[in-house]
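# Notes for the structure review
Each chain, letter by letter, is given below.
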Amino acid sequence: MWGRNVYDSISKFLQFQLTVNIVAVIVAFTGACITQDSPLKAVQMLWVNLIMDTFASLALATEPPSESLLLRKPYGRNKPLISRTMMKNILGHAVYQLTIIFTLLFAVVQRDQRSQDPRGEERL
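Nothing here was measured: the structure is a model prediction, and the numbers come from that model. (Residues numbered from 1 in each chain as written. Predicted model: local features only at pLDDT ≥ 70, side-chain atom pairs only at ≥ 80, totals over all residues. Heavy atoms only, no water.)

### Section: the overall build of the chain
- A tally of helices and strands in the chain yields three helices and zero strands.
- Starting at the N terminus, the α and β elements of the chain follow one another as α-α-α.
- Sorting the 124 residues of the chain into buried and exposed places 19% on the buried side.
- Summed over its atoms, the accessible surface of the chain is roughly 9400 Å², and 66% of this surface lies on carbon and sulfur atoms. (Helix = DSSP H or I, 4+ residues; strand = E, 2+ residues; numbered from the N terminus. Buried < 20%, exposed > 50% of the residue type's maximum accessible area, 1.4 Å probe, protein only. Areas by Shrake-Rupley, 256 points an atom, 1.4 Å probe, with all protein chains shown as cover.)

This is how it looks when you write it as structure tokens:
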């Protein structure tokens with residue numbers, strides 16, 4: 001029972017971490033290419049990773065096993081840790097998060113560009 005619970009917890013942790021890291025790298029790279037300044041600095045990305053690692057590991061390590069785990073067949077030795085379903089979930093959540101982040105990021109960039117007059121001074 002405990003082995004299956006640990007396997008499930010590791011799978012959930014990997015899914016969460018891969019989603020967060022994929023989104024952070026894409027946002028930093030495309031933001032740097034488009035706006036000529038990275039929206040996430042190196043120290044900010046380290047903090048995001050530290051906070052996400054801590055909370056995710058605490059949440060998943062404290063999940064108690066249930067009796068329903070014993071009703072499921074055990075996973076084979078050659079089964080990949082990241083399944084096709086997990087990859088679909090990771091990519092789907094990453095696209096969703098990227099859509100929201102880029103919408104907010106570029107809405108702010110456009111607002112900042114509109115708030116400046118042609119002489120380069122900010123309007124109040």
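There's plenty left to go through after this.
### Structural notes on the packing of aromatic side chains
- By the definition in use, this model includes one aromatic pair.
- With a centroid separation of 4.5 Å and 35° between ring planes, the pair formed by tyrosine 7 and tyrosine 75 is classed as tilted. You can see tyrosine 7 sitting in helix H1 (residues 2-35) and its partner tyrosine 75 sitting in the loop between helix H2 (42-61) and helix H3 (84-114), a full 68 residues away along the chain. (Phe/Tyr/Trp six-rings, centres within 6.5 Å; stacked < 30°, edge-to-face > 60°.)

### Details of a nonpolar patch on the surface
- A cluster of nonpolar side chains, Val43, Trp47, Leu50, Ile51, Phe55 and Leu58, forms an exposed patch at the surface whose accessible area comes to about 640 Å².
- Residue position: leucine 58 is located in helix H2. (Patch = residues over 30% accessible without salt bridge, like charges linked within 9 Å, V, L, I, M, F, W, Y side chains within 5 Å. Salt bridge = Lys/Arg side-chain N within 4 Å of Asp/Glu carboxyl O.)

### Concerning the UniProt feature "transmembrane region" (unreviewed entry) in the chain
- Summarizing the sequence annotation, UniProt attributes the feature "transmembrane region" (unreviewed entry) to residues 14-34 and 90-109 in the numbering used throughout.
- Strand forms 0% of residues 14-34 and helix 100%; the C-alpha atoms that close the span are 30 Å apart. (UniProt positions renumbered as here; feature names shortened; annotations may be inferred.)

### A word on the nonpolar core
- Residues Val23, Val27, Ala94, Leu98, Phe102 and Leu105 constitute the largest nonpolar core, which totals six residues.
- The greatest single-element share of this core, amounting to four residues, is contributed by H3.
- Dropping the residues within four chain positions of it, valine 27 is found in contact with Ala32, Pro39, Leu40, Leu98, Ile101 and Phe102. (Core = buried A, V, L, I, M, F, W, Y, C linked by side-chain atoms within 4.5 Å. Contact = heavy atoms within 4.5 Å.)

### Describing the pattern of salt bridges
- Here the structure, examined in full by the defined rule, presents one salt bridge.
- Linking aspartate 8 and arginine 72 is a salt bridge whose minimum nitrogen-to-oxygen distance equals 3.1 Å. Remark: arginine 72 occurs in the loop between H2 and H3 and aspartate 8 occurs in helix H1; sequence separation between them is 64 residues.
- Aspartate 8 sits in the buried class, given a relative accessible area of 15%.
- Classification of arginine 72 by relative accessible area gives partly exposed; the value is 28%.

### Some words on the confidence of the model for the chain
- Per-chain confidence: the chain averages 81 in pLDDT, with 90% of residues scoring 70 or above.
- Here H2 is the element of the chain with the lowest mean pLDDT, 81, and H3 is the one with the highest, 87. (pLDDT = per-residue confidence, 0-100.)

### Considerations on the environment of valine 23
- Structurally, valine 23 is set in helix H1.
- On the basis of relative accessibility, which here comes to 4%, the residue valine 23 falls in the buried class.
- The spatial distance from the C-alpha of valine 23 to the C-alpha of leucine 91 is 9.5 Å, given a sequence separation of 68 residues.
- With residues up to four places along the chain from it excluded, the contact list for valine 23 reads Ala94, Gln97, Leu98 and Ile101.

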